[in-house]
Amino acid sequence: MENIESEKTIDDVVITPWEVSSKNGIDYNILLEKFGTEAIDGNMIERFERLTKMPAHTWLRRGLFFSHRDLNKLLDAYENGEDIYLYTGRGPSSESMHLGHMIPFDFTKYLQDAFQAILVIQMSDDEKYYFRKPNQPDNLQHYNDLAYKNARDIIARGFNIEKTYMFANSEEIRNNREYFNIFLEMANQFRPKDVESVFGIGSNFSINQLLWPLMQSAPAFSTMFKTIFQDENVFCLVPCAIDQDVYFRFCRDFSNENKSKGYKKPAVILSEFFPALQGANSKMSSSVDAPTTIFLDDTPEQIKTKINKYALSGGGETAKLHRENGADLTVDVAFHSLLYFHDNDEELAIIAHDYKKGIMMTSEIKRIAIEKITAFVQQHQHNKSLVTDDIVNEFFRKRPLNREKTSRPDITLKTPEEYSRLGVNFDRYFGMENI
Ligand code: TRP
């Protein structure tokens, strides 16, 4: 049989904010090469823990947030006592958010706690209006309403109300003079052909679509947020999925070209895609094949049915074959989802072993995945029920934020040997892959 792995090449992978496709599944090592971003290894994770005095997030430890630009520089700044801030966003294209949408937000929440940092969240209602599909409503108000609805799900992830500012972009662009100033500076520098070469959108796109990259890029410069930072230039870190990286490459080019104006090059920390139920190497999506997507408002029954029915299994065709040959962990979606939702490495190692050996059946690993995901979704629904209109309004109110930090006691660090096995070197199959 042909070895599919070795056949993947850099040209088979297309990842842009508008398209994610890859002939044979997504190989994230190829992405590192293609994007020219850096891998997050154990040394970086050690630095994170030492400087923030918090244990690294499971998704960092397990290499799911696997890549970065200039994270070392950002950590240098933090170590020197400089302030940093976080910026991320959400394009409100539909009312229901799904599990995959929460990954960058939960990780951002961890970063906010770890760095005690200010966070700004762009709700890009205008983006979703400009890029709407022919079957989607063509009025901006619709997307603006969705921005406020989705904000409840985002707030429910636990962001610090004193340190977080959320904005609907269609409003911010009208109200914020500094935003407009940065936007004009960028528009002054870039030509349609630059946008075309970086984003793959060109002269057949609307002018609004062509301008969008500037609008998503500008909030990575702190001078946009005068109420929060005055005129201070604060280093920005953007946590996001890897398809959004291009925007910040764009920002970084812009700061290179405008050194004298002091725009600080933002750092990024990038995640893999959370897989859809139909394959461990896919991306969960709300528009394509919705029955294979787990939404945050799903009932326990729906979650159970979707996982049992659609989660691609690496188990044997029959119980007999499974007992003889065991499971293929690399394609098994239930197993993959446990990398996100089952924090305990020792327990996950046992699951990997028993499933790989055919001792544990597919129904059993799916039961564990259903249990973990249902608990997550139910907790989310409870948290969301506590988000009142007043709370939403407060997050959206332009106001000075609390920039104070309190000191934490040191934590016990791992050994260099333990760190060397983390991040991109983390063995997701716990020694069971090639047995
Ligand atoms: N463009 C993103 C989307 O379609 C939303 C978004 C806006 C975003 N600003 C961002 C994502 C900043 C990451 C970082 O979902």
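For the structure, check the block above.
The text that follows walks through the structure, step by step, so that each part is easy to find.

Basis of the calculations
- For every chain, the first residue of the written sequence is number 1, and numbering continues from 1 along that sequence.
- Totals for whole chains, interfaces and linings use every residue, but because this is a predicted model, local features are given only for residues with pLDDT of at least 70 and side-chain atom pairs only at 80 or more, for both listing and counting.
- The side-chain numbers reported here are obtained from all heavy atoms of the structure, hydrogens and water having been left aside.
- DSSP-based pairing: two strands are paired if at least 2 bridges between them are found.
- A helix here means a DSSP run of H or I that spans at least four residues, while a strand means a run of E at least two residues long, and both kinds are numbered starting from the N terminus.
- Residue contacts follow a heavy-atom distance rule, with two residues in contact if any of their heavy atoms lie within 4.5 Å.
- Helix axes are fitted to C-alpha atoms over the stretch in contact, other axes to C-alpha atoms as well, and angles between N-to-C directions run from 0 to 180 degrees.
- By nonpolar core is meant a set of buried Ala, Val, Leu, Ile, Met, Phe, Trp, Tyr and Cys residues that side-chain atoms within 4.5 Å join together.
- Using a 1.4 Å probe on the protein chains alone, a residue whose accessible area is under 20% of its type maximum counts as buried, one over 50% counts as exposed, and one in between counts as partly exposed.
- Planes of paired rings set the category: under 30 degrees apart is stacked, over 60 is edge-to-face and the rest tilted, where pairs are Phe, Tyr or Trp rings (Trp by its six-membered ring) whose centres lie within 6.5 Å.

Considerations on the sheet that holds strand β3 (residues 38-39)
Read from one edge of the open sheet, 7 strands run β3-β4-β9-β8-β5-β6-β7, paired in mixed fashion. Only two strands of the sheet have a single neighbouring strand rather than two, namely β3 and β7 (164-168). Lying over the sheet, helix α6 (residues 99-115) contacts β4 (65-69), β5 (84-90), β6 (118-123), β7, β8 (235-241) and β9 (267-271), oriented at roughly 165° with respect to β5.

Focus on the nonpolar core
Membership of the largest hydrophobic core comes to 84 residues, with the highest contact counts inside it found for Phe-48, Leu-60, Leu-99, Phe-115 and Ile-269. Looking at this core element by element, the count peaks at 9 residues for α6. Apart from the residues within four sequence positions on either side, Phe-48 is in contact with Lys-53, Leu-60, Leu-71, Leu-75, Tyr-110, Leu-111, Phe-115 and Ile-269. Membership of the second largest hydrophobic core comes to 53 residues, among which are Tyr-28, Tyr-87, Leu-210 and Val-268.

Some words on the packing of aromatic side chains
The tally for this structure, following the rule as stated, stands at 30 aromatic pairs. Centroid distance Tyr-129 to Tyr-143: 6.2 Å. Interplanar angle 45°. Geometry classified as tilted. Pair noted here: Tyr-129 is in helix α7 (residues 125-130) and Tyr-143 is in helix α8 (residues 140-155), with a separation of 14 residues, a long-range link. By relative accessible area, which is 22% here, Tyr-129 ends up partly exposed. Consider the rings of Tyr-165 and Phe-225, whose centres lie 6.4 Å apart with planes at 75°: the pair is edge-to-face. On the criterion of sequence distance, the pair formed by Tyr-165 in strand β7 and Phe-225 in the loop between α12 (207-217) and α13 (226-229) is long-range, its members being 60 residues apart. Phe-225 sits in the buried class, given a relative accessible area of 1%. Taken together, the aromatic side chains of Tyr-87, Phe-190, Phe-199, Phe-221, Tyr-247, Phe-248, Phe-250, Phe-254 and Tyr-263 make up a single cluster linked through ring pairs.

Distances and angles like these do not, on their own, reveal function.
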